[in-house]
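Observations on the model geometry
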Amino acid sequence: MISIKNEKEIKLMEDVCKIVAKFYELLEKEIKPGISTFELDRRAEKIMRDLGGIPAQIGYDPGIKGVPPYKHATCISVNDEVIHGVPIKNKIIKEGDLVSVDTVILKNGFNGDAARTFICGGKTSKDAQRLVDVTKAAFYEGIKYAKPGNRIGDISHAIGEFVRANGYSVVQEFEGHGIGREMHEAPEIPNYGKAGKGPRIEPGMTLAIEPMVIQGKHNILELDDGWTIVTEDGSLAAHYENTILITENEPKILTI
Ligand code: MF3
Ligand code: CO
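Residues numbered from 1 in each chain as written. Chains lettered and ligands numbered in written order. Predicted model: local features only at pLDDT ≥ 70, side-chain atom pairs only at ≥ 80, totals over all residues. Heavy atoms only, no water.

**Observations regarding the nonpolar core**
The nonpolar side chains of a soluble globular protein tend to be buried, and buried together. Core analysis: the largest hydrophobic core is formed by 30 residues, its most contacted members being Phe23, Tyr24, Leu27, Leu40 and Val99. Listed by contribution, the elements that provide at least two residues to this core are helix H1 (7-28), helix H2 (37-50), strand E2 (74-78), strand E4 (98-107) and strand E5 (110-119). With nine residues, H1 is the largest single contributor of residues to this core. When residues no more than four places from it in sequence are discounted, the contact partners of Val99 are Ile31, Leu40, Ile76, Ser77, Ile93, Arg116, Thr117, Phe118 and Cys120. Core analysis: the next-biggest nonpolar cluster, separate from the first, contains 28 residues, Tyr168, Val170, Val213 and Leu236 among them. (Core = buried A, V, L, I, M, F, W, Y, C linked by side-chain atoms within 4.5 Å. Buried < 20%, exposed > 50% of the residue type's maximum accessible area, 1.4 Å probe, protein only. Helix = DSSP H or I, 4+ residues; strand = E, 2+ residues; numbered from the N terminus. Contact = heavy atoms within 4.5 Å.)

Now the structure itself:
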């Protein structure tokens, strides 16, 4: 069942998602050469708490045997790390690194989810920059279809085809999702798929759309920490995510 948010619930979704947007504005200033991903997460947690948000990822239990509950406010995935990078003290961010930060913030019982790939120091290689740009553009390609009359598969298909046309791969094992009182609600929103398939899109749905894009082959590996996902071929990856609201017309991006 896909939850349709009423006016009150939409207001609460908008509130928490505004905190997510502000959070990323403030966090970007902290991403400098020499900082560890652990320290960046410490600062991230302080920023979100100061904004009145609760870090929803702390204690999050995916309910998979052998996978420990997540312990940090953010996932920080550097370069060939795709998603779910666990912050660690001796992982130091360097100039030109791709730093993908993903977080979920909770307030008044509702969750807001977004991810950004930042470039440490602002400058990187041409190839890496293109990957980051294409990943963000893939989100916008996808949400062109995020309106009533379409199906979830239309979003998935648009993202997958756009990424493929640009010579990159999408991750197949992880996907976007509905969001609201729960961090992960129905429907699942893969970053590839068939147009015209999947649930119908209706006003009042709140969805997290999140292309995860790899420069090389789509294959991924999970590290021994049970969380961090890296590219199998060692190529770079990027992630871009926003929580959106489906309306009668164009979708509203809540986390910008
Ligand atoms: N924020 C992630 C998402 O986009 C979820 C991360 S899992 C967690 O769905 F354990 F880190 F919370
Ligand atoms: Co998400």
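After presenting the structure, the write-up continues.
**Some remarks on the site of ligand 1**
Contacts to ligand 1 come from 14 residues, most closely from Gln57, Asp102, Asp113, His184 and Glu210. At a separation of 3.0 Å, a nitrogen atom of ligand 1 approaches a polar side-chain atom of Asp102. Here Glu241 contributes a side-chain N or O atom positioned 3.1 Å from an oxygen atom of ligand 1. Of the residues contributing to the shell around ligand 1, the split by class is six nonpolar, four polar and four charged. (Near = heavy atom within 4 Å. Polar contact = N/O pair within 3.5 Å; in protein donor to acceptor, adjacent residues only side chain to side chain. Nonpolar A, V, L, I, M, F, W, Y, C, P; charged D, E, K, R; others polar.)

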